[in-house]
Every structure is written in structure tokens, then in C-alpha cells.
Amino acid sequence: MIGPISFAAPAILAGLALLPALYFLLRATPPAPRRQEFPPLRLLRDIMPTERTPVRMPWWLLLLRLLGAALVIIGFAGPQIVPPRLLAGDGPVLLAIDNGWAAAADFTARIAAARHLVDQVAGQRGIVLLATAGNAAGRPPRASGVLGRIGALDALGALHAEPWPADRAAAAAAVTVARRRIAGLTGVYLADGLAAPGLRRFLAALDPARIIAGSPDRIRLLQSPKLSADGALIARLAVVPQQNEVTQPVLAEASSGAALARIVVRIAPGAASGAARFDLPAALASQVTSLALPGAAGPGGVMLLDGATRQIVVGLVSGGTANPEQKLLGSLYYVRRALPPGSVVRTGRIGPLVASGISALILADVPLNPADRSTLDRFIAGGGVVIRFAGPLTAPQPDTLTPDHLLDGVRMLGGALASGKPERIAAFERGGPLAGLTPPRAATVSRQILADPATLDPATVWARLSDGTPIVLGVRRGRGVLVSVLTTANTAWSNWPIAADFPALIGRLVRLGTGAAPKSGLLRPLRVLNGIGTLGVPGAGARPMAVADFAHTTVSPAHPPGLWGDAQGSIALNIGGHVPPLAAAALPAGVPVTGLDALPRARRFGPPILAIALALLLADLLISLLLRGALRWRAALVLLALLSGGHRARAATPVPAGALAPMLAYVRTGDPTIDRISRSGLGAIADLVNQETAAHLGAPRGVTPGVSPINLYPLLYWPITGATPAPDAKACHALDAFMAGGGLLVIDTDGGGSDAAGSGAGFDPGADAALHRATACLAIPPLVALTARDTLAHTFFLARSFPGRFDGAPVFIAAKGARDADGVSPVVIGSNDWAGAWAVDASGMPVRALLPDTPGQREHAAWFGVNLVMYALTGTYKSDQVQIPAILRRLGQ
Amino acid sequence: MADHRASARSRIAAAEALAARLPALVLAAQRLAASAAPGRHGRRRAGAGEQFWQYRDVRDGDSPASIDWRRSARGERLYVREREWESVETLVIDVQDHEGMDFTGQTNQPTKRDRALLLALALAALALDGGERVALFGRTPAFGGPGALDRLAAGFMLAASTTPVAGRLALIGDFLAPPEAIAADLARHGAAGRGGVLVQVLDGAECDFPYRGRVLFERRGEAAEDIARAEDIAAAYRARLAAQRDAVIGLAEAARLVPLLHRTDAAPGPALAAIRAGLEPVS
């Protein structure tokens, strides 16, 4: 030990005693001579009989070698600075580790600190481990026996964070038991730094000699999001109030785990929580199933969404020809106003509405044709909710898309020609999805359709009139729900729609498909979060809980966070909102507190010293070679340059890349995200082309028309967004020349205005204007819509549709007369955002979510991409085959 | 035995290397001779090139093979055809052939052997051009006339086998052997009184001794000499070389040979001219 420096293997230092011997040896050993053939050797005989002493080694070379040898010896001896011991005293150490949800975010650092501690003390003293959170089987914290170093490290390796708070009361009891069992325990506490009930008692029991605490400033807890009035999701994040502003990105994730959006929540200094809203298109917003913090944030960074916080998109359809929105009279007037705030409303025909990705569909007195019927069957089976209101159009001939068999005709209650009086809504069936709603007092029904009492299944009755007649029928089919309200949606047959709690009914009904929250009975855990924030099966310790207890329950091994529910639906139990508010723990004064990464570590100097010694010996080798003349100075310098890595190849003269291998190109927009999607999308298509066809394409290139040469590329992809400016004259000229010279210009927008065709409607309202602006100066030929009969639809794959990220928008190519001499269109214009569907990330996973994500949409998009490339490369070569059937037929005659 | 075979193999390899170089050497020699010839060598004597000397009667002890039967058949007597075996017009060239001749101090310079062969062939070309006959000592008979140069060049490949031919001597070599050995060699050539030149071809490094530092000087078959600081012995070496040179000059003059020195780092043209001049009959 020299001052603070000690040696790992001091015995090796004895080797330093050999240095003087080495000195004499080196001095005595002459450098190896250079050999020279010499014919007049005879003349050299005995030329200097006295001078036989070899040349002395230069003193500096001798010094270099001695220094190298000394450094090797010192390096292997392993000099190090070892910090002073962390814990005084002897006897076993009781290491209590917080492994509740708050410890999950920095759990790796926590375990590393614990390992470090074990390395320091376990050798002499033994370790007793205590994890302060109960485990998933419901077992409360329990101290281990006295472990050796290996046993303690094994136990630490098996330790993991739990998705519930640490149970300090049970941990305090465990400490008491351990102290009684093992005498002389020194307590060390690896705390999560959060205030918690029972912490004071626990600290009193543990009486820690040292506390190693993670900073509570790092803890993030997602709170239940809210829906704004316009339906946007508002993420809320809680932290321990701190001095600096907190900025934390939050991701909105789909059920597949794909991130649909990312926002940043800012929390002002001193504030305990902050919020930020996700501005997502309605169709995407309805796909959000959870919020998450990026990185390993643990279960506190995951917020599962249930139906209550998921945005819903409702389609409204009315039968008949009257204006459904007419004030006070229209068939949809009241329903539209009864929808829950924040829901998105679409109207139109059944087919397009279902295709646009709605979650519930309300049909007000709509007779169905067979095509609509099958569309609705598929929609319900896939998780959709269909709510049908009766009315004069459907009453005469009820169809079969009803929960139960309906009689034709209308039951009149009251009125001039009828007996009886309008009936009140009496009750919502217990156990049904509407259970718990208050029956409207004033609402009466004067006309209704009747369910066939002969075949009526009582389970389908969700609500009855006061005379016991069913008024709401409902049934679950597949993953969806079909509901029939046996009266009208306006006030024609009933005054229910103007009752004060009609919105509650509608709200309950439209949420049935997205996972309605059970309103009564016991909840069972369906899928629960684990300590790293992913969903899994519940542990043995999970216990059912009553719906009534849900709101004020605290997550624990018995009630783990996750999705809870029953057959009726599910509800999310998250850590946020079900643990005490976040606050920094008050740690006892007088106990030394260390940060997780502030544990003093040994600093070892052996490796750098050995590296220096190696460099010295290498230099010695070079110098000896030089002195012997085996190496010339110039060669030595080159060798030195090579060794030091200073040799750098000079760049060759640049050749335009497109000249060497065909490659696709895209127009740079200046927006890094769009450019990245374009590059990635074209790259994926090029890979597919290389894999599937005989063509071999290089990596795609970004170009700027009018600045970089574009004539060499067979296909130029031009993504246009609302922000795309009009190209300047040079760019227009270059693009015109590109099209005239046989290139294929593919113009694409990322969706269109709300009135645009296809599922991209509303995604980029400015795109249409930008498209007109951008192509105004180009010599675009007359266009026609692309059909499946066109050459472009079968240049390689047989494409029937041409989807990208969106589907349904028409694709335009040059009209027959306006194509070039070979019949090839110089331009293809679409608004399906093809590159968005093609683009994949580094691991080959798609980057963007598709709409409406019909099965095979991404494959078809890629097929169309390959077709585009083959169209650009081979023109109408394939169109010859179009004639084959005709030729064969003629040959047969 | 193995050693012997190895040395035989290395000699064969050396001979092959030499054979590969010979055409180029012959060409270079012809070019060199052509540059040296004009104005110096115009005489062409009548009857030159005759090999025949006289017929004489058969004497006891003559082998039957030596009888010229064609001439004898024309008369009654048997004649022996005697050749002109001693002629002042015959130039006998000998190039020393030992491994030291393969030395060159710098890789871009010819070896001593190359330079010696070049000089020898150029000299032969000059002599042949002048109508004289040229032999390689101990290797070939005297040749003359067209094609003789190529036959002479090929003769360098032969081992010493034939009876030495009389004539003026041109001895080319490095003459670094001990003076006694050189004297014995000159005696073997029958140098005394024949006249001619002794050309000592030395490498520049042998003359200047440019070595520095510790050098292990070696030569095949001899013990190596480990010199600690080569620069310290340069002066002594040069003195010894001068002494050797003086000894060679003395031996040459005693044998009536004109001593000449040629360094391989000098141009061969002036050396050839000097040799040519040294071969002029001392009348």
C-alpha cells in the first residue's frame, strides 16, 4: 500500500528487483549485426585484433527497454485505489431492497448497487436479503437466511420489481423477525425514495447504518387520461415535485405494441403533474389501447386504457328520405346529441362507414339489403356494435338482423284508436349490460315493435316496459354486440329520446364493443401487468374484487394492476390513481445516504499501464529494426502511421450513383420524417424487387430536381404534403425532361381533405391544393383512373387494388392516347401514401399503421410497389400477355 | 555427398541463369564493340581465317586418326595435316569463375561476373571483327569468322576441358586471391611472355567500403568476420586493398601483362578501349 494505492498482486512487484540484472544483460548483449556478403573477406582478416568490444546499446534505447519492463511488472501487479469500507462493524448485513413499482425504472442500477455492496461485505460478514414488496403469489416480504457471497448474488439475480408498492408494514415485521433470529444485524436500506405509509415504522425497525437511495425525481407515474370535449386523449403524468422542469415523452400504443403517436408532457418546476393532448385522427385514436413511457419505465410507465377512456367513432345511418338532421324531428337529431362527449360522429351509407373504421353503428329505422346485411354481420363479428332503432320503415317486415325474432306490425299504446296508455320504461334487466342505469321516470312509449313471445329468449331482454314487454333486446355475437331498441330514435313513437338519461343509455350502448365497464358484481383479473410493465397472466395471489371497491382500491399482490372484468366487459386497473400521491420520502437524519451510482468503486490502473508498456515495446521493436538497417526510415514511418491508424484512404472521384446500378429515387422534401419514410419505403421495395425479380436495384437516393441530375433514375417518387411548395422553374423543367425521357414520376400524397375518397380522408387537408400547386407547371398528360385491367396492375404481381397506408383513393395514370410511344404512362398520381405502407424500420418492422388495415393491405401495397418498378423498367412488355387468351382462342378455331 | 550435389545443383542453376542472360550480354557486347571499333581496327589481312598450317609426313607415334586420308590418297605418301596452333593473332580470353564474382554492392548495378562477361564478349567481338581468332582459355578452341561470337558465348557454359590455345591473353577477374595464388594462376595460363591484359574488375563497394555500424561480413565457405564498427576499419581496409592492387600490378607486369582496373559502377566503354589499347602488340 503506497498512500491510497494498493496492489492486487503485490508479489509480482518482486520482479522489479530483476531490473538491474536486466540492465547489465541488455548492456552486454550487442544489437544483432547486419549480415553482408563480401568477397574481399580475406582483406578483413585480423584487421583490428584489439577492438572486439561490441557497440554499446544507445542509452535511450536501454532506458526505453528498462522502462517497458518495469511497466510490465507494475501493470501485472495491478495497482488500484480501493475506497474505504462502506460499513463499519462486523456481523451479518441485513440488506433491505425496495422492489415495488417505484423501483422498477432504475431496477438495474439498484441491483448493480446491491451486487457492489455484496461484493464488499459478503466475504467476511454474510448477507441477509429482504425484498420489501410481496410477490405475485401473495406471500408477504420475508428475510432470507444468512447468505454467502455466491448465494446473495444468486438471490439478487432472481430478484425482480413488482408492479405494486412495497409493503413497508409487512417488511417491518419481517425485519423484527430477522433481528430476533439473527443477532448483530447491520441494516442497509436500498430505498426507492418515495414517501409511503409505514415507512417510518419500517425505518425504525431496520435502523439502517446506511441508506442507498435512488432519486425520487426519476420516478414517473402515468395517471388516468381524460378525453377532451372534442374527443382528444389527454395524457397526464405525475412526478415528485422538483426544482427543474420535467419533460417526458409519452407514447400512445395500439394493442400490437406499435406506437401510434408521441407527445411530450412538460411539468413545471414544483408541480406534481402535467398533461398533454394527443391530436390523432379519429380512426387512429380508436386504436389506442395503452399509453406508455418509452424505455424501461416499469409498470408505472404503462397506462392501460379501457372503454371509458378510449375514443369511440360512431356511424349514424337513417332510413327514409327525410332529412335525418331536421331540428327536433329528424331521426338522428336526438341520438347525435345523446352520444358521449368526445366521440366522433360519421354519417353516410353503411358500406363506406364500416370501411372507415367506426366502433359503433346506429341504424335509425334502416331496412337492410343483403349486401349491407353481410357487411354488418362481419362488422359485429369483428367487435363492432350495431344499435338498431325501430320505425315505420322496418316495422312491416322486420329482417333477421335482430337479437331475437320480431313480429311484424306495430303495437299501439294509447292514442285515438287504441286501448291502453303509453307505458313507462320499467326496469333494466339485472345482469344485463344495462344493469344499474336508472329507469327514466317520465319517459313513455306509445308505439313499439313486439318481440315474438313464443320464441323469446329471456337473456336477450335488456329492458322492459312496465307491462313487462321487452323494449330493448341485445345479444353478443362474436366479439361484437347487436342491440335492437324496439321504438324510434326520435319522438315519433316515444318521448324516451328527450328524457334526461337517454344519453346514459346511448353512452352505455356505444361502448359495449370497446370493452364496457362492468357495473356490478365481482371483477376478476383477466390480464395483469408485471414488474417490467408488460401484460401477463395473473399470479396466484390475485383475488377478485367488488366493482364498488374498484375506485378506491390500492394495487397490491391481491389486486394487481391490469385488466379486470367479467363476461360483460373489462376495466383497467392502473397504478396511477391507485397508489398514494407521489412525494419524496423523509429519510431519518444522521444516517448516511448514498445515491445508487455514487457508491465508491475501486479504480484499477493495471490495464492502461500494460497498454503503455506494450506501446513502448512496439516502439523498441521498430527502433531495433531501424538500427539493424532491416527497416528504412520511410518504411518505419509508414508502419508507424498504419499502427496509429492515421492512414486514411482518399475518396475516389465521385461517379453519379445512378450510373452504376439502377436505383430508385425520391424527391427530397426537406422534412426529415417524410424523407426517411420515402427512403425506407423505396429501400424496402428495392429489396423486394431484388428478391423477387431478375432486376437488381441499388439503395434509393434522395434527389432535388433541378439541382441534382435525375435523368439516370428509372423511377422518381415524389411525396406531396400540404406543406409542399410549388417547384421552381428549373425543377419543373427537370421533371418534364425526366418524364419525356422515359422516367416514371410517381406522385403521392399522404391522404387528402375530409371530402377525399378512401380511408386517407381528412389526414392532410392541404394535400389536394399542394398537389395542384406542385403539378401546375408540369406537362401532366390527360389522366384516367387506373384499373385492374391496366398493364400497371400486372407488370409483376396481379394487383386488384392499389393501397398504400390508406386504401380506396383512385390512382391516376396517363390516358391511353397520352402515353409515350411504347404506351407507358410517364406519371402515376395517387393519394394512398404508398411509401408509408412500404417503410420498415431497421429491424424490418413496419413503421406506420395502416388504415383501415384490411388483411393483406400491406402485402398489396408492396405488390403495387414492385409493379411500379417493373413498369418503370420494362414498360408494357407484360401487356402482350393480356392478349394471350384471345390469341389462343383464335388459334383453336 | 549431399553438399556436393547441392553445390552441383546451385552451379547448374547459376549456369542456367547465365545462359538466360547470355543473349542479352552478346547483344550488349556487340553494341559495345561497335561503339569501340570505328577508326581503331581497320586492318584485314589476306589469308586470315585459315586453319591449315602444313602437311608433313607421318612420323612414328602419329595416331592413324591424325592422317589426312583425302590428301594422302592423291599420292604415295601419307600426310598428317598440321594445324596452325600457335598464332599471335589468336586472342585467348579467360574470365574468372568463382562465387565472389557474383557480388554486387548495390542491387541496381551489374555483378562483377556480368561486367566481366560483357567486357570479354565485347573484346571478342572486336577481335573477331578485326579478323582475329578468339578462344576461351581451356574451354573452346579458337574460333573465327561469322557465328564465332555466339559459339564463344556458348563456350562460357562449358567446363574447362580442352587444351589451352596459345595466343595473347586477356584475363578478366577480381584478383582478390592471395598474391601467391594469383601468381600460380598466371603461371597456369602460361602468361609469361605471351603478352596481353589483366583486367581487375571490382565492385564499387569493394573499393570504397561504405559500411557502417556492426556488420557481419561473410563469404560462402569461409568463417564470417564480425566487425563491430565498420566505419572504423574503412581506412585500414582501403590500404589493404591498395596493397593487393599493387601486388596484382606487380605480378601482371612481371608476366608482361598490361594491368587494368575497372569498377563496375563505371561505364564499360572506356574500359573496353583501354583493354583494346593494352592488347596492341608491343613491338
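Residues numbered from 1 in each chain as written. Chains lettered and ligands numbered in written order. Predicted model: local features only at pLDDT ≥ 70, side-chain atom pairs only at ≥ 80, totals over all residues.

Colleague: So, the overall build of chain A: which residues are in play, and what are the values?
Modeller: The helix and strand inventory of chain A stands at 20 helices and 39 strands. Here chain A, with 893 residues, has 42% of them falling under the buried criterion. In chain A, of all internal contacts separated by at least 6 residues, the share reaching a separation of at least 24 is 75%. (Helix = DSSP H or I, 4+ residues; strand = E, 2+ residues; numbered from the N terminus. Buried ≥ 20, exposed ≤ 12 C-beta atoms within 10 Å, placed from the backbone. Contact = placed C-beta atoms within 7 Å.)

Colleague: Give a description of the nonpolar core that names residues and reports values.
Modeller: All names here are of chain A. In this structure, Leu94, Leu95, Val128, Leu130 and Val175 are the most contacted members of the largest nonpolar core, which totals 92 residues. Considering every element that reaches this core, the biggest residue donor is helix α3 (residues 107-125), with 7 residues. For this core, the domains that each give at least three residues are domain 1 (93-217 + 582-601) and domain 2 (220-309). Residues within four places of Leu95 in sequence aside, it is in contact with Ala114, Leu117, Ile127, Val128, Leu129, Leu130, Val188 and Leu190. (Core = buried A, V, L, I, M, F, W, Y, C linked by C-beta atoms within 7 Å. Domains from an automatic or database assignment.)

Colleague: Pulling in residues and values, what's your account of the interface of chain B and chain A?
Modeller: Taken together, the 27 residues of chain B in the interface contact 22 residues of chain A. Residue assignment for the side of chain B that touches chain A shows that the elements contributing at least two residues are β7 (215-218), β8 (225-227) and α7 (234-254) of chain B. The element best represented in the side of chain B that touches chain A is α7(B), accounting for 5 residues. Across the side of chain B that touches chain A, the residue classes tally to 13 nonpolar, 3 polar and 11 charged. (Nonpolar A, V, L, I, M, F, W, Y, C, P; charged D, E, K, R; others polar.)

Colleague: Tell me about the packing of helix α5 (residues 179-188) of chain B against α7(B), residues and numbers included.
Modeller: All names here are of chain B. For the pair α5 and α7, the least separation of the axes is 10 Å and the interaxial angle reads 25°. Between α5 and α7, the crossing angle belongs to the class labelled roughly parallel. Handedness of the crossing formed by α5 with α7: right-handed. Residue-level inspection shows Pro179, Ile182, Ala183 and Leu186 of α5 in contact with α7, the latter providing Ala247, Val248 and Leu251. Classifying every residue of the contact of α5 with α7 gives 7 nonpolar, no polar and no charged. (Axes fitted to C-alpha atoms, helices over the stretch in contact; angles between N-to-C directions. Parallel < 35°, antiparallel > 145°, perpendicular 65-115°, else oblique. Left-handed = near helix turned anticlockwise from the far one by under 90°.)

Colleague: Describe the confidence of the model for chain A, with residues and values.
Modeller: Per-residue confidence for chain A gives a mean pLDDT of 84; residues scoring 70 or more make up 92%. Predicted confidence for residues 646-652 of chain A stays below pLDDT 50, and this span has 3 contacts to residues more than four positions away or in other chains. (pLDDT = per-residue confidence, 0-100.)

Colleague: Before we move on, can you summarise the sheet that holds strand β8 (residues 220-227) of chain A with the specific residues and values?
Modeller: Residues and elements named next belong to chain A. Read across the open sheet, the 3 strands follow the order β8-β9-β12; overall the sheet is antiparallel. Two strands in the sheet have a free side with no partner beyond their single neighbour: β8 and β12 (273-278). Along the sheet, successive strands turn relative to each other by an average axial angle of 25°, direction set aside. For strand β9 (residues 233-239) and β12, the ladder comprises 6 bridges, and the chain directions are antiparallel. Looking at the pairing, Leu233 lines up with Phe278 of β12. (Pairing = 2+ DSSP bridges.)

Colleague: Can you lay out helix α19 (residues 857-874) of chain A for me, pointing to particular residues and giving the numbers?
Modeller: Residues and elements named next belong to chain A. Taking 1.5 Å per residue, 18 residues should reach 26 Å; α19 reaches 25 Å between its end C-alpha atoms and fits that length. With 14 of 18 residues buried, α19 lies mostly within the body of the structure. Note on α19: the residue one or two positions beyond its end, Gly875, has a positive phi of about 65°. (Expected span 1.5 Å × (residues − 1).)

Colleague: Tell me what's going on with the sheet that holds strand β33 (residues 663-667) of chain A, and back it up with residues and numbers.
Modeller: Residue and element names in this part refer to chain A. On the basis of which strands lie adjacent, the open sheet formed by 7 strands has the order β34-β33-β35-β36-β39-β38-β37 and mixed pairing. Of all strands in the sheet, those with a lone pairing partner are β34 (698-703) and β37 (783-785), marking the two edges. On average, each strand axis in the sheet is tilted by 25° relative to the strand beside it, whichever way the strands run. Lying on the sheet, helix α17 (residues 767-775) is in contact with β35 (715-720) and β36 (744-749); it crosses β35 at an angle near 135°.

Colleague: Just give me the short version of the environment of B:Gly105, but keep the residues and values in it.
Modeller: Residue and element names in this part refer to chain B. Structurally, Gly105 is set in the loop between β3 (90-95) and α3 (112-129). By the C-beta count within 10 Å, which is 22 here, Gly105 ends up buried. C-alpha separation for the pair Gly105 and Ala205, spaced 100 residues apart in sequence, amounts to 5.2 Å. Beyond its immediate stretch of four places on either side in the chain, Gly105 contacts Asp203, Gly204, Ala205 and Glu206.

Colleague: Give a detailed account of the pairing of strand β5 (residues 168-173) of chain B, specifying residues and quantitative values.
Modeller: Residue and element names in this part refer to chain B. Burial runs high along β5: 6 of the 6 residues are buried. In β5, alternate side chains face the same way, and those of Arg168, Ala170 and Ile172 on one face and Leu169, Leu171 and Gly173 on the other are all buried. Inspection of the sheet shows β3 paired to β5 by 5 bridges, in the parallel sense. Bridge pairing in β5 places Ile93 opposite Ala170. Summarising the sheet, β5 and strand β6 (residues 196-202) pair through 5 bridges and their orientation is parallel. Residue Leu171 lies in a different strand from β6, and its bridge partner there is Leu198.

Colleague: Help me get a handle on unusual backbone geometry, residues and values and all.
Modeller: Residues and elements named next belong to chain A. Phi is positive for Leu328, which is not a glycine, with a value near 65°. Within the secondary structure, Leu328 is located in the loop between β15 (313-318) and α8 (333-338). Positioned with a positive phi, Asp833 is a non-glycine residue whose angle comes to about 50°. Within the secondary structure, Asp833 sits in the loop between β39 (827-830) and α18 (834-838).

Colleague: Let's hear about the packing of helix α15 (residues 672-692) of chain A against α19(A): which residues, and what values?
Modeller: Residues and elements named next belong to chain A. Contact geometry for α15 and α19: axes closest at 9 Å, N-to-C directions at 75°. By the criterion of interaxial angle, the relationship of α15 to α19 is roughly perpendicular. When α15 is examined against α19, the residues Ile685, Leu688, Val689 and Glu692 are found in contact with a partner set consisting of Ala862, Gly865, Val866 and Val869. Grouping the constituent residues of the contact of α15 with α19 by class yields 6 nonpolar, 1 polar and 1 charged.

Colleague: Describe in detail the confidence of the model for chain B, supporting the description with residues and values.
Modeller: If pLDDT is low for a region, its predicted coordinates should not be looked at in detail. Residues and elements named next belong to chain B. Counting all residues, the mean pLDDT for chain B is 78, and 81% of those residues have values of 70 or more. In this model residues 38-50 is a low-confidence stretch, pLDDT under 50, and it forms 10 contacts with partners more than four residues away in sequence or in other chains. Both scores are given for the predicted complex: the pTM is 0.50, the ipTM 0.71.

Colleague: Which residues make up the pairing of β35(A), and what are the values?
Modeller: All names here are of chain A. Burial within β35 is extensive, with 6 of its 6 residues counted as buried. Examined bridge by bridge, β33 and β35 share 2 bridges and lie parallel to one another. Opposite Tyr666, over in β35, you have Tyr717 as the bridge partner. Pairing of β35 with β36 involves 6 bridges; the strand directions are parallel. Considered in β36, the bridge of Trp718 is made with Ile747. Each parallel crossover has a hand, and for β35 linked through helix α16 (residues 729-740) to β36 it is right-handed. (Right-handed = clockwise from strand over helix to strand, strands pointing away.)

Colleague: Now, about the environment of A:Gly595: what can you tell me, with residues and values included?
Modeller: Examined against the element boundaries, A:Gly595 turns out to sit in strand β31 (residues 593-595). Sequence separation of A:Gly595 and A:Ser215 is 380 residues, and the distance between their C-alpha atoms is 7.2 Å.

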